[in-house]
Amino acid sequence: MEKTEKKGQNILKSGIRLSFLTLISRILGVIREATKAHFLGTSGYADAFGVAFLIPNLLRRLFAENSISVAFIPTFRGYLEENRDKKETQDFINSTFTLITFMTTIVVVIGISITPYIVHIFYKDTSQDIINETVILTRIMFPYLIMISIAALFQGMLNTLNIFSPSGFTPILFNLCVIFGTIFFSKTMANPSRAMATGVMIGGCIQAAFQLPFVLKTGWKTSFTTLKKTFTNPGTKKVISLIVPTIIGMASYQLNDLVSTALAGRAGTGVVSSLQYSLRLQELILGIFAVSIGTVILPDLTGLAKKEKWEEFNSMLVNAIKIIALVCIPITFYSLVTGREIISLVFKSRAFDENSVQMTLNVFVFHISCLFFIAVNRIVSPAFYAQGNTKLPTLAGIISFAFNILLAILLAGKWKGQGIAFALSFSSLVNTIFLFVFLKKLKTADTGKIIHDSILYCLKIIVLSVIASVPLYFVHPIFVAKFGGLGRFLGNGIPLALSCIVFAIAGVLMLLITKDEMLIAILKKLKIKK
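Keep in mind that what you see is a predicted model, and the values were worked out from it rather than measured.

## Focus on the overall build of the chain
Within the chain one finds 18 helices and zero strands. Relative to its 530 residues, the chain shows a buried fraction of 55%. In the chain, 84% of the contacts between residues at least 6 apart in sequence involve partners at least 24 apart. Summed over all atoms, the accessible surface of the chain reaches about 22,800 Å², with 68% contributed by carbon and sulfur.

In structure tokens, the structure reads:
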């Protein structure tokens, strides 16, 4: 029991540290989008950059953040816990490094060659100048895939060794590179979108380079080996066996973005960029909490699964879901009431006018409504990966993808961006449902108890959030009317801050009155620290 408590404290400590770094990163990510909004607004060039960045970014998510980390971490952890010979483990690392570099280089070379054909998928009646610009931007950013995939491998190594801060800091560096790259290079390049693309490439290189010294400090290194050794290494074979179904599952998930963007590009100018601005706000919250918690618990869930400590496994998973509910559900209600001011505060500028605000708000309402489900998906999926099962979450992703594409095709014609956003939100709910259905098939986790405890807690937080939203609904328009004439930052910032205080006081008071277990646990942790 003491070990479980200690483990919980370590998770909370690591989670808080990583969440803090991710908070800074996501804030800078929003500033990055605000920089884009300032220079490009919802113009054709904004759509061109959005489409161009989507393609290598989609491949990044396939090869880097999810597939490599999910396949590599359990395998590397296995080598360490089985006390394998250090040379054997080093050979595995070198083989994986060679595999990643080799495969991503091939993808980049092919991608650059066929870029003109790929780009035409996203446009219908757009001018040739914008299409040509999209081709140029895509080719500039395609090599980003190689560097970010190497960075993901370094992150996987560090996270397996319970070192989270360096990889948590690299997105901060990336966002800074894009922000300052856009500002400085826009004066010398043909247009600001090319300056932004250059910043993306510089940022990708720095993400890999920054983590390397921390990897070397652990006693491990990365170097190339022959392709024969790469593809015959037992550890690499296992990684490939795990990564292939994961890539298929992630491909179905990422194809959501691809098809949605293609439909958005054909729906009219500004639809692509308005969807991306909205998703950036959603990812601000997801990145702070869901990704951080998912990153921290995966190595520990893997260890518990290998030792078959299923009671601790279940407890860790339930607590993670409850933390997500405690954060995401209230934020959803707050954002639904104050969405216009949030968007105006972050993005409104010379190129991002009132029409851009309204376009983004129309889709933001749907995106923020599915916040909890997307967050839960990122928490429950590691429960499968920890047990070496990538096929079931893959299947859940494929089913979710099918729902999303069907709805998006049906709704995009009439409802444009709103229809596409609704389709994504609904498919996230479908994904959550099937993840829990498949979790029951594993017969290791007590799925019934996990679902029962999670649903009861979520219903409680929904009821409390609705109650806390009542005073917010009435006082927020008063604050907007009072301070709205003070300009973009004060005129939106002050009403948002005052409304947040009202909402937070109401919410925390009700949590205290109901003696909320998660709030009490957090307060105890803070008290112990003091």
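And the narrative resumes.
## Here we look at the packing of helix H11 (residues 310-347) against helix H16 (residues 447-483)
For the pair H11 and H16, interaxial distance at closest approach is 9 Å and the crossing angle is 20°. One way to sum up the angle between H11 and H16 is to call them roughly parallel. Remark: the crossing between H11 and H16 carries right-handed chirality.

## Some points on the packing of aromatic side chains
Applying the stated criterion across every chain, the model contains 22 aromatic pairs. Centre to centre, the rings of Tyr277 and Phe352 are 5.2 Å apart; their planes meet at 85°, and the pair counts as edge-to-face. Taken together, the residues Tyr277 in helix H10 (residues 271-306) and Phe352 in the loop between H11 and helix H12 (354-369) connect sequence positions 75 residues apart. Judged by its relative accessible area of 0%, Phe352 falls in the buried class. Centroid distance Phe403 to Phe426: 6.2 Å. Interplanar angle 50°. Geometry classified as tilted. Of this pair, Phe403 sits in helix H14 (residues 391-415) while Phe426 sits in helix H15 (residues 417-442), placing them 23 residues apart in sequence. Grouping aromatic residues by their ring pairs yields a cluster made of Phe72, Phe76, Tyr79, Phe92 and Trp220. Over the ring of Tyr277 we find Lys36, and its NZ or CZ is 5.1 Å from the ring centre. Cation over ring: Lys86 sits above Trp220, and NZ or CZ is 5.3 Å from the ring centre.

## A few points about H12
For H12, built from 16 residues, the straight-helix expectation of 22 Å at 1.5 Å per residue is met to within 8% by its first-to-last C-alpha distance of 23 Å. Helix geometry: H12 is bent most strongly at Val363, by close to 30°. Those residues of H12 that sit buried are Ser356, Val357, Met359, Thr360, Leu361, Val363, Phe364, His367 and Ile368. The backbone nitrogen of Asn355 has a side-chain oxygen 3.2 Å away, supplied by the residue at the start of H12, namely Asp353.

## Looking at the side chain of Asn175
With respect to the helices and strands, the residue Asn175 is situated in helix H6 (residues 165-185). Residues in contact with Asn175, not counting those within four places in the same chain, are Ser25, Leu28, Gly29 and Arg32.

## Considerations on a nonpolar patch on the surface
Residues Phe102, Met103, Ile106, Ile110, Ile114, Tyr117, Leu227 and Phe231 make up a contiguous nonpolar surface patch of about 720 Å² in total accessible area. Residue assignment for the nonpolar patch shows that the elements contributing at least two residues are helix H3 (86-119) and helix H8 (227-232). The biggest single contributor to the nonpolar patch is H3, with six residues. In this fold, Leu227 is placed in helix H8.

## Points about the packing of H11 against H12
Look at H11 against H12: their axes get within 9 Å of each other, and the N-to-C directions meet at 160°. Classified by the angle between their axes, H11 and H12 sit roughly antiparallel to one another. Seen from above, H11 lies across H12 with right-handed handedness. Of the residues in H12, those touching H11 at Thr332, Ser335, Leu336, Gly339, Arg340, Ile343 and Ser344 are Glu354, Val357, Gln358, Thr360, Leu361, Phe364, Val365, Ile368 and Ser369. In terms of residue class, the contact of H11 with H12 is made up of seven nonpolar, seven polar and two charged.

## Remarks on the pattern of salt bridges
Under the counting rule described, the total for this entry stands at nine salt bridges. Its salt-bridge partner being Arg194, residue Glu133 comes within 2.9 Å of it at the nearest N-O pair. With a gap of 61 residues between them, Glu133 in helix H4 (residues 128-141) and Arg194 in helix H7 (residues 192-217) connect regions that are remote in the sequence. Residue Arg194 is classed as partly exposed on the basis of its relative accessible area of 23%. Here Lys322 ties to Glu517 by a salt bridge, and the two come within 3.0 Å at their closest N and O atoms.

## Topic: the environment of Thr134
In this structure, Thr134 sits in helix H4. Thr134 gets classed as buried once you look at its relative accessible area, which sits at 0%. When neighbours within four sequence positions are excluded, Thr134 is seen to be in contact with Ala48, Val51, Ala52, Val119 and Tyr123.

## Examining H7
The α-helix winds at 3.6 residues per turn, so residues separated by three or four positions along the chain end up facing the same way. Helix length check: H7, at 26 residues, gives a terminal C-alpha distance of 39 Å against a target of 38 Å (1.5 Å per residue), a fit within 8%. Immediately beyond the C-terminal end of H7, within one or two residues, lies Gly219, with a positive phi of roughly 100°.

## A few points about the environment of Ala396
Structurally, the position occupied by Ala396 is in helix H14. Ala396 sits in the buried class, given a relative accessible area of 0%. The spatial distance from the C-alpha of Ala396 to the C-alpha of Phe436 is 9.5 Å, given a sequence separation of 40 residues. Every residue in contact with Ala396, bar those within four places of it in the chain, is listed here: Asn431, Phe434, Leu435 and Phe438.

Definitions and limits used
Residues numbered from 1 in each chain as written. Predicted model: local features only at pLDDT ≥ 70, side-chain atom pairs only at ≥ 80, totals over all residues. Heavy atoms only, no water. Helix = DSSP H or I, 4+ residues; strand = E, 2+ residues; numbered from the N terminus. Buried < 20%, exposed > 50% of the residue type's maximum accessible area, 1.4 Å probe, protein only. Contact = heavy atoms within 4.5 Å. Areas by Shrake-Rupley, 256 points an atom, 1.4 Å probe, with all protein chains shown as cover. Axes fitted to C-alpha atoms, helices over the stretch in contact; angles between N-to-C directions. Parallel < 35°, antiparallel > 145°, perpendicular 65-115°, else oblique. Left-handed = near helix turned anticlockwise from the far one by under 90°. Phe/Tyr/Trp six-rings, centres within 6.5 Å; stacked < 30°, edge-to-face > 60°. Lys NZ or Arg CZ within 6 Å of the ring centre and 35° of its normal. Expected span 1.5 Å × (residues − 1). Bend = angle between axes of the 7 residues up to and from the residue. Polar contact = N/O pair within 3.5 Å; in protein donor to acceptor, adjacent residues only side chain to side chain. Patch = residues over 30% accessible without salt bridge, like charges linked within 9 Å, V, L, I, M, F, W, Y side chains within 5 Å. Salt bridge = Lys/Arg side-chain N within 4 Å of Asp/Glu carboxyl O. Nonpolar A, V, L, I, M, F, W, Y, C, P; charged D, E, K, R; others polar.

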